[in-house]
Amino acid sequence: MTPRPGDADAPLIDRVETAVYTVPTDAPEGDGTLTWDETTLVLVRVGAGPASGLGYTYGAPATAAAVGQLLAGVVTGRSAWDVPAANEAMSRAVRNAGRPGLVAQALSAVDIALWDLKARLLDLPLARLLGASLQEVPVYGSGGFTPYDDSRQDRQLRGWAETQGIPRVKIKIGESWGREEQRDLDRIAKARRSIGDSTELYVDANGAYTRKQAVRVAQCFEEHGVTWYEEPVSSDDPAGLAGIKAATTADVTAGEYGYALPYFWQLVTAGAVDCLQADATRCGGITVWLRAAALAEAAGLGLSGHCAPHVHAHAAAAVPNLRHLEWFHDHVRIEDMFFDGVLDPAGGTVRPGASGAPGHGLELRAGEAERYRVR
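Quick look at the side chain of Gln 156 now. Position of Gln 156 relative to the elements: it lies in helix H5 (residues 150-163). In terms of polar contacts, Gln 156 uses its side chain to reach the backbone amide nitrogen of Gly 144, at 2.6 Å. Gln 156 has contacts with Gly 143, Gly 144, Tyr 148 and His 329, leaving out every residue within four places of it along the chain.

What follows is the structure, given as structure tokens:
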């Protein structure tokens, strides 16, 4: 018989393991404020007897050390049913280590693994365990990195819009901290030509612009049908975001750097965004991501999942105010290489749980991943 949450003999967490993989990008990548040529995935496994759950985050290799030194001992011996209790215990345990940043990412990866474990113990897709509001979860193609030349940007955008039928795509702007404004505008115009008139066009400045520059750039948006303006200025400047939001018809959005729930509350109460973003691999895992969704819903806002789409998909299906998930080129490429059970975004949506596989449905291809393991 399938065990039930609340049984006196609840399965207990008996192990927490980590692995770190660094994967070179397939071309130089960059946004308004940063460039990179490799991406690191930090994987966490938690176990209860023969069952195990898998979670991960994208960040520095030291994230794995934070899991081992700060969190493993906190969750070991706890009931596998009570994921929010484990999340709260981890959050309290890391107070003096500093919860935001790397530690929050470690906590997030463990939380994701715990939810996966619970769903697998119950032999349920995670979307069923959480309670689905949506059968299909919308996604948008995300990439268009600033180092791309015109040809590479065009191929990528057409791949999403034409080959996969994804009706919304995003490019990076704000190149070199906003010092290449004319190139930004040229790339927006070229992106529109690549995708035609029926595909939504989004842009992401990663906080590279000044307030007035962000408003000036937005003046071209209506001409090219840009409807999503992500982090025109830093999300640490809610007042600046609110001013830009008032000055443009594109939806202003931010929140990917929220490492705890109060950060999202500040964006919401400042009237800084038209749609809130949150990243389950940073904010405290699925537990806190769902709470951020509730904050947004209470304020009449949608929620968009930032990056790591296969981590978010099942939780996203449980959110009635979901806007969409970011089908981020860098992460999708790694997740497609590393995992069986990945989702198909053809037509612009994914269907988490449709296969019936328990948990989030991902199984590590150990042989493929081992080539990139660094610890």
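Counting 110 residues, the largest nonpolar core has Phe 221, Tyr 229, Trp 289 and Phe 338 as its most contacted members. Among the elements that make up this core, the one with the highest residue count is helix H3 (residues 102-121) (12 residues). One finds Phe 145, Tyr 148, Cys 307 and Phe 328 within the second-largest nonpolar core, a separate group that totals six residues.

This part covers the environment of Val 46. Here Val 46 lies in strand E2 (residues 35-48). Separated by 30 residues in sequence, Val 46 and Thr 76 have C-alpha atoms that sit 8.8 Å apart. Beyond its immediate stretch of four places on either side in the chain, Val 46 contacts Arg 15, Val 16, Ala 51, Ser 52, Gly 53, Val 110, Ala 113, Leu 114 and Leu 117.

Within the secondary structure, Ala 354 sits in the loop between strand E13 (349-350) and strand E14 (363-364). Once the C-alpha coordinates of Ala 354 and Ala 109 are considered, the two residues, 245 residues apart in sequence, prove to be 24 Å apart.

This next bit is on helix H10 (residues 238-247). Among the residues making up H10, those that are buried are Pro 238, Gly 240, Leu 241 and Ile 244. Down the axis, H10 shows its buried residues gathered within 155° of arc, on one side only. Along H10, the residues that are exposed and aim more than 90 degrees away from the buried face are Ala 239 and Ala 246. For H10, the elements touching its buried residues are helix H8 (211-218), strand E7 (226-230), strand E8 (251-254) and helix H11 (261-269).

The rules behind each value
- Residues numbered from 1 in each chain as written.
- Predicted model: local features only at pLDDT ≥ 70, side-chain atom pairs only at ≥ 80, totals over all residues.
- Heavy atoms only, no water.
- Helix = DSSP H or I, 4+ residues; strand = E, 2+ residues; numbered from the N terminus.
- Polar contact = N/O pair within 3.5 Å; in protein donor to acceptor, adjacent residues only side chain to side chain.
- Contact = heavy atoms within 4.5 Å.
- Core = buried A, V, L, I, M, F, W, Y, C linked by side-chain atoms within 4.5 Å.
- Buried < 20%, exposed > 50% of the residue type's maximum accessible area, 1.4 Å probe, protein only.
- Arc of directions from axis to C-beta.

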